[in-house]
Amino acid sequence: MKRRSGLRERYGASPLHLLLLVCSFALALYAGIRLLKGDPLGVAIWFVGAALLHDLVLLPLYTLTDRAAQALTGVRQAPAGGTHRMPAVNYVRVPAFLSLLLLVVWYPLVLRRVPGYRSATGLDPDVFLGRWLLLTAAFFAVSALFLLAATARRRRSHKPRRGPAARGRS
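First, a word on what this report is: a plain description of the structure on this page. (Residues numbered from 1 in each chain as written. Predicted model: local features only at pLDDT ≥ 70, side-chain atom pairs only at ≥ 80, totals over all residues. Heavy atoms only, no water.)

**A word on the environment of aspartate 55**
Summarising the element assignment, aspartate 55 is placed in helix H3 (residues 40–73). Aspartate 55 sits in the partly exposed class, given a relative accessible area of 46%. Separated by 2.9 Å, the side chains of aspartate 55 and histidine 54 make a polar contact. (Helix = DSSP H or I, 4+ residues; strand = E, 2+ residues; numbered from the N terminus. Buried < 20%, exposed > 50% of the residue type's maximum accessible area, 1.4 Å probe, protein only. Polar contact = N/O pair within 3.5 Å; in protein donor to acceptor, adjacent residues only side chain to side chain.)

Put into structure tokens, the structure is as follows:
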């Protein structure tokens, strides 16, 4: 008797996953059509320039920065068959990524490069640098707290315990 295979067996995921995937492609298509409606050549040049800037300048720059952070934190390859633990450099990577992401998104306001911002919005543009610096400090502080907690947890788990048998030998 031959069993019929369902959508999950043929597709490899749930129907909800397929629906969300189709919706995301539809949204991306809509955004692409709207984006290319104004100046398709300018948009294409911007995308190519952004890809080249990322691949030729930014990727080597943050790769070297990450390697330097690994060297400073003493990251080594985990031994084969050893327990896996998160390298300490990740406690620097995550807050640095979040901080740089906010800077990339809000850099015109953070660096005060938006002329006429106050007249257009009625808001003070001078607060963005201080707020970005406070958020960056908070990201690194929270990350440091997580690192301290992980270090304390690891020390507790590696501390030798004195059981009744060990006490009897003393």
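**Things to note about the packing of helix H4 (residues 90–110) against helix H6 (residues 128–158)**
Contact geometry for H4 and H6: axes closest at 9 Å, N-to-C directions at 170 degrees. Overall, the two elements H4 and H6 adopt an arrangement that is roughly antiparallel. Contact with H4, carried on its side by Tyr91, Val92, Pro95, Ala96, Leu98, Ser99, Leu102, Leu103, Leu109 and Val110, involves Phe128, Leu129, Trp132, Leu135, Thr136, Phe139, Phe140, Ser143, Phe146, Leu147 and Ala150 of H6 and no other residues of that element. (Axes fitted to C-alpha atoms, helices over the stretch in contact; angles between N-to-C directions. Parallel < 35°, antiparallel > 145°, perpendicular 65-115°, else oblique. Contact = heavy atoms within 4.5 Å.)

**Some remarks on the packing of aromatic side chains**
Using the criterion set out here, one finds two aromatic pairs in the structure. Note on tryptophan 46 and phenylalanine 47: the rings are 5.3 Å apart at their centroids and 80 degrees apart in plane angle, and the pair reads as edge-to-face. Exposure remark for tryptophan 46: the relative accessible area of 58% places this residue in the exposed category. Ring centres 5.9 Å apart and planes at 80 degrees place the aromatic pair tyrosine 117 and phenylalanine 128 in the edge-to-face group. Here the residue tyrosine 117 occupies a position in helix H5 (residues 117–121), and phenylalanine 128 occupies one in helix H6, the gap between them amounting to 11 residues. (Phe/Tyr/Trp six-rings, centres within 6.5 Å; stacked < 30°, edge-to-face > 60°.)

**Observations concerning unusual backbone geometry**
A positive phi angle, near 55 degrees, is found at arginine 112, a position not held by glycine. Within the fold, arginine 112 resides in the loop between H4 and H5.

**A word on H4**
The end-to-end C-alpha distance of H4 is 26 Å, clearly below the 30 Å that 21 residues give at a rise of 1.5 Å each. By the largest-angle criterion, valine 104 marks the main kink of H4, which is about 55 degrees, and a proline, proline 108, follows within four residues. Among the residues making up H4, those that are buried are Asn90, Tyr91, Pro95, Ser99, Leu109 and Val110. Check the buried side of H4 and you find it contacts H5 and H6. Positive phi shows up at arginine 112, right after H4, with a value of about 55 degrees. (Expected span 1.5 Å × (residues − 1). Bend = angle between axes of the 7 residues up to and from the residue.)

**Overview of the nonpolar core**
Grouped together as the largest cluster of nonpolar side chains are five residues: Leu109, Val110, Tyr117, Phe128 and Trp132. Elements supplying a minimum of two residues to this core: H4 and H6. Once residues lying within four places of it in the same chain are set aside, the contact partners of valine 110 are Leu103, Phe128, Leu129 and Trp132. (Core = buried A, V, L, I, M, F, W, Y, C linked by side-chain atoms within 4.5 Å.)

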